[in-house]
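Fold and contact review
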Amino acid sequence: MPTTSMIRAGLAAALLAAPLPLWAQSETPSEAGESQIETAAAPADADTVVATVNGVDVTLGQMIALRGSLPQQYNQLPPEVLFKGILDQIVQQILLEQSYDGEVPKAVSLALENERLARMAGLAAAEFLETAVTEEEIQAAYDEKYSESEGKEYKARHILVETEEEARALIEELDGGADFAMLASEHSTGPSGPNGGDLGWFGPGMMVKPFEDATTALEPGSYTRDPVQTQFGWHVILLEETRDKAAPALEEVRGEIEAELQNAAVEAHIDALTENAEIDRSGAEGVDPALLTNIELLE
């Protein structure tokens, strides 16, 4: 749990950086709670003014918004401690802002605009997603992902070598009766080589596609008659056995499926917005990308 000393230690840094809890008082959470005068809670909403600093109002809404940005660990603090601390932070920030007599720096105004843009974009995306994915689409995606082929697992071994010629020579040795595991131990460059090329059990999507396609085409006890090429090299694959795996219940994978559909929906939505928008990127032509690190341009 955050302590008063921890909070106080972050006071100066937090005021000069992103908003963080700024309790500067020395009382402990229990002392703070005991010092509160018990009164009946007054009706309040987001526009309720909780303090005024040199004519500038602080609203309950501001406090709620700041509370929502705090790290999860601050949930452990009592509400009265959070309330006082958040109010103190906003008051202190207002005082410091009022003490600044210069113009708003470009870096600050641009950061505020970027923050506004990000929050509004997130709001628009959330609003779009409220109706973007239907229950029927979730069910259809589940049925497709966990079809009969998706419910099968494979136990295989492989020998990985650098060239097709090496792989074909190994297949000839297997045709002559050589032991697959021994050949894998002697020749495979993959991490499973010392274990005789044993890959254990795996399901669809766990191996690169050429490897998976070759494995699923085999009968248990058979090996690939032609080498299989992937980005890792050339493989000779032995399928030892298969087993059926029961598909998970829809509710167990609903979150995963819904997230996939939502991501796809947002991407399609952005593509449509982009297609119908007038976007001119010509101003970026000829601009040195290295200028992104030139902070002096914001001065």
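Predicted model only: the values in this text are computed from it and were never measured.

1. Focus: the overall build of the protein
A tally of regular secondary structure across the protein gives 11 helices and six strands. Relative to its full complement of 299 residues, the protein shows a buried share of 27%. Looking at the protein alone, contacts between residues at least 24 apart form 64% of all its contacts between residues at least 6 apart.

2. Describing the sheet that holds strand S6 (residues 233-244)
The strand order S4-S3-S6-S5 describes an open sheet built from four strands, whose pairing is antiparallel. Here the strands that pair on one side only, and so sit at the sheet edges, are strand S4 (198-202) and strand S5 (228-230). In this sheet, neighbouring strand axes are inclined to one another by 40° on average, regardless of whether the strands run parallel or antiparallel. Two strands pair when backbone bridges link them, and strand S3 (residues 152-161) and S4 are joined in this way by three bridges, in the antiparallel orientation. Note on S4: the bridge partner recorded for Tyr154 is Phe202. Of the strands in this sheet, S3 and S6 touch helix H8 (residues 164-175), which is tilted by about 50° from S6.

3. Considering the pairing of strand S1 (residues 49-53)
Where S1 meets strand S2 (residues 56-59), four bridges bridge the pair, whose relative direction is antiparallel. Looking across to S2, one finds that Ala51 is bridged to Val58. Hairpin connection between S1 and S2: a loop of two residues separates the two successive antiparallel strands, and Asn54 in this loop has a positive phi of roughly 50°.

4. A few points about the packing of aromatic side chains
Overall, the coordinates contain three aromatic pairs when judged by the stated rule. Here the aromatic rings of Tyr142 and Tyr146 are separated by 5.4 Å at their centres, their planes lie at 40°, and the arrangement is tilted. The exposure class assigned to Tyr142 is buried, which follows from its relative accessible area of 14%. Measuring from ring centre to ring centre gives 6.3 Å for Tyr154 and Phe202, while their planes differ by 35°; the resulting arrangement is tilted. With Tyr154 in strand S3 and Phe202 in strand S4, the pair connects residues that are 48 residues apart, well separated along the chain. Accessibility assignment for this pair places Tyr154 and Phe202 in one class, buried. Each member of the aromatic cluster is reached from another via a ring pair, and the members are Tyr154, Phe202 and Phe211. Positioned over the ring face of Trp201 is Arg243, at 4.0 Å from the centre of the ring.

5. Points about the pattern of salt bridges
For the structure shown, the criterion picks out 17 salt bridges. When the shortest N-O distance is used, the salt bridge between Lys152 and Asp244 registers 3.0 Å. Note that Lys152 is positioned in strand S3 and Asp244 in strand S6, a separation of 92 residues in sequence. Owing to a relative accessible area of 26%, Lys152 belongs among the partly exposed residues under this scheme. Connected through shared salt-bridge partners, Lys155, Arg157, Asp198 and Glu240 make up one network.

6. Side note on helix H5 (residues 79-99)
The end-to-end C-alpha distance of H5, which contains 21 residues, comes to 30 Å, matching closely the 30 Å that a straight helix rising 1.5 Å per residue would cover. Buried within H5 are the following residues: Val81, Leu82, Gly85, Ile86, Leu87, Asp88, Gln89, Ile90, Gln92 and Ile94.

7. Describing the packing of H8 against helix H9 (residues 180-187)
Interaxial distance between H8 and H9 falls to 10 Å at its minimum, and their mutual angle equals 150°. Between H8 and H9, the crossing angle belongs to the class labelled roughly antiparallel. Helix-helix and strand crossings are classified by hand; for H8 and H9 the assignment is right-handed. Touching Leu170, Glu173 and Leu174 of H8 are Phe180, Leu183 and His187, all from H9.

8. Things to note about the confidence of the model for the protein
For the protein, the mean per-residue pLDDT works out to 87, and 86% of the residues sit at or above 70. Across residues 1-20, where pLDDT falls below 50, the model places 34 contacts with residues more than four positions away in sequence or in other chains. Overall, residues 22-37 carries pLDDT values under 50, and its contacts beyond four positions in sequence, including any with other chains, amount to 40 contacts.

9. Comments concerning the environment of Ser99
Mapped onto the elements of the fold, Ser99 is located in helix H5. On the basis of relative accessibility, which here comes to 53%, the residue Ser99 falls in the exposed class. Only 2.6 Å separates the side chain of Ser99 from the backbone oxygen of Leu96, close enough to count as a polar contact.

10. Notes on unusual backbone geometry
For Asn54, which is not glycine, the phi dihedral falls at a positive 50°. Mapping Asn54 onto the fold places it in the loop between S1 and S2. On the accessibility criterion, Asn54 (64% relative accessible area) is exposed.

11. Looking at a nonpolar patch on the surface
A grouping of Val104, Val108 and Leu112 is seen on the molecular surface, where their side chains present a nonpolar patch of about 280 Å² in accessible area. A relative accessible area of 38% means that Val108 is categorised as partly exposed.

Quick notes on the rules
Residues numbered from 1 in each chain as written. Predicted model: local features only at pLDDT ≥ 70, side-chain atom pairs only at ≥ 80, totals over all residues. Heavy atoms only, no water. Helix = DSSP H or I, 4+ residues; strand = E, 2+ residues; numbered from the N terminus. Buried < 20%, exposed > 50% of the residue type's maximum accessible area, 1.4 Å probe, protein only. Contact = heavy atoms within 4.5 Å. Pairing = 2+ DSSP bridges. Axes fitted to C-alpha atoms, helices over the stretch in contact; angles between N-to-C directions. Phe/Tyr/Trp six-rings, centres within 6.5 Å; stacked < 30°, edge-to-face > 60°. Lys NZ or Arg CZ within 6 Å of the ring centre and 35° of its normal. Salt bridge = Lys/Arg side-chain N within 4 Å of Asp/Glu carboxyl O. Expected span 1.5 Å × (residues − 1). Parallel < 35°, antiparallel > 145°, perpendicular 65-115°, else oblique. Left-handed = near helix turned anticlockwise from the far one by under 90°. pLDDT = per-residue confidence, 0-100. Polar contact = N/O pair within 3.5 Å; in protein donor to acceptor, adjacent residues only side chain to side chain. Patch = residues over 30% accessible without salt bridge, like charges linked within 9 Å, V, L, I, M, F, W, Y side chains within 5 Å. Areas by Shrake-Rupley, 256 points an atom, 1.4 Å probe, with all protein chains shown as cover.

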